Amino acid sequence: SAVISQKPSRDICQRGTSLTIQCQVDSQVTMMFWYRQQPGQSLTLIATANQGSEATYESGFVIDKFPISRPNLTFSTLTVSNMSPEDSSIYLCSVAESGNTIYFGEGSWLTVV
Amino acid sequence: AQRVTQPEKLLSVFKGAPVELKCNYSYSGSPELFWYVQYSRQRLQLLLRHISRESIKGFTADLNKGETSFHLKKPFAQEEDSAMYYCALSPSNTGKLIFGQGTTLQVKP
């Protein structure tokens, strides 16, 4: 099974700043995704991180707010831009291996003050 | 619309009692259904997927296409089963997941 590492695991940020979250996988994977889990809520898909091309965003999420990079098959970053307290959430990286087996990172707990 | 519904936010049972966590879905095609578990302060873990038909930690789930349900069951709950359980749907091998709101299972001694 894929092992997924996320950095930072936790951070407290000032409003108006941006933070980049990294996701590193120990093997090459075709599909990588970013999810958000707001306090007391379930997980919501932000976007699919496409290797070598622009990410595909779900309804309600835009590139200017959540720019995503995917330079290769083992690494992706999600930036949360111009943060406000409403962005306080857990951000999770997910990968899908062949046969649609889906794994999650530990999550990055972000608090915006 | 694609949707997963977990009607119970909290399910509290005594140790040794049977457990059923309900999950209903709405999807026009042939979805793949999953149950994920999140223990306190740990990452989300895959518990079950309907295509494997396995029993993990005593839990089973059967996909009922007629009722569009994928309820999670265990005959005898253990205290270590206390966790948050998420039902999720993946449309047609896309790798994406649509999650239900989650059910907190609390197993009392």
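As a reminder, the structure under discussion sits directly above these lines.
Residues numbered from 1 in each chain as written. Chains lettered and ligands numbered in written order. Predicted model: local features only at pLDDT ≥ 70, side-chain atom pairs only at ≥ 80, totals over all residues. Heavy atoms only, no water.

A. Region of the structure containing the overall build of chain B. Within chain B, the regular secondary structure consists of 0 helices and 11 strands. Ordered by position from N to C terminus, the α and β elements of chain B give β-β-β-β-β-β-β-β-β-β-β. The globule rule puts the C-alpha radius of gyration for 109 residues at 13 Å, and the 13 Å found for chain B is close to it. By its C-alpha atoms, chain B is 40 × 30 × 25 Å across when sized along the principal axes. When each of the 109 residues of chain B is scored for burial, the buried share is 44%. Carbon and sulfur atoms provide 49% of the accessible area of chain B, an area that totals close to 5,600 Å². Within chain B, the 9 negative side-chain charges are centred at a point lying 6 Å from the centre of the 14 positive side-chain charges. (Helix = DSSP H or I, 4+ residues; strand = E, 2+ residues; numbered from the N terminus. Rg over C-alpha atoms; globule rule 2.2 N^0.38 Å. Buried < 20%, exposed > 50% of the residue type's maximum accessible area, 1.4 Å probe, protein only. Areas by Shrake-Rupley, 256 points an atom, 1.4 Å probe, with all protein chains shown as cover. Lys, Arg positive; Asp, Glu negative; His and termini not counted. Charge placed at Lys NZ, Arg CZ, Asp CG, Glu CD.)

B. Representation of the pattern of salt bridges within the structure. Applying the stated criterion to the full structure yields 7 salt bridges over all chains. As a salt-bridge pair, Asp87 of chain A and Lys65 of chain A come within 2.6 Å of each other at their nearest N and O atoms. With Asp87 of chain A in the loop between β8 (75-80) and β9 (89-97) and Lys65 of chain A in the loop between β6 (56-57) and β7 (68-72), this pair connects stretches of sequence that are 22 residues apart. With relative accessibility at 5%, the residue Asp87 of chain A sits in the buried group. As a salt-bridge pair, Glu20 of chain B and Lys22 of chain B come within 3.0 Å of each other at their nearest N and O atoms. Lys22 of chain B gets classed as partly exposed once you look at its relative accessible area, which sits at 30%. A single network of salt bridges, built from pairs that share partners, joins Glu20, Lys22 and Lys73 of chain B. (Salt bridge = Lys/Arg side-chain N within 4 Å of Asp/Glu carboxyl O.)

C. Structural view of the sheet that holds β7 of chain A. Residues and elements named next belong to chain A. Judged by pairing direction, the sheet is antiparallel, and its 4 strands sit side by side in the order β1-β3-β8-β7 without closing on themselves. Because the sheet does not close on itself, it has two edges, and the strands there are β1 (4-7) and β7. If you compare each strand with its neighbour and ignore which way they point, the axes differ by 15° on average. Relative to β8, strand β3 (residues 19-25) runs antiparallel, the two sharing 6 bridges. (Pairing = 2+ DSSP bridges. Axes fitted to C-alpha atoms, helices over the stretch in contact; angles between N-to-C directions.)

D. Just the environment of Tyr103 of chain A, in detail. Structurally, the position occupied by Tyr103 of chain A is in strand β10 (residues 101-104). With 16 residues separating them in the primary sequence, Tyr103 of chain A and Asp87 of chain A have C-alpha atoms 23 Å apart.

E. Inspection of the interface of chain B and chain A at higher detail. Taken residue by residue, the interface counts 17 residues in chain B and 19 residues in chain A. By the criterion of area lost to chain A, the three top residues of chain B are Arg43, Gly95 and Lys96 of chain B, representing 34% of everything that side buries. For the pair chain B and chain A, the number of links is 2 salt bridges. Here chain B and chain A share 13 residue pairs in polar contact (both at pLDDT 80 or more) between them. Contributing elements (two or more residues each) for the side of chain B that touches chain A: β5 (31-38) and β9 (83-91) of chain B. (Contact = heavy atoms within 4.5 Å. Buried area = accessible area lost by both parts, 1.4 Å probe. Polar contact = N/O pair within 3.5 Å; in protein donor to acceptor, adjacent residues only side chain to side chain.)

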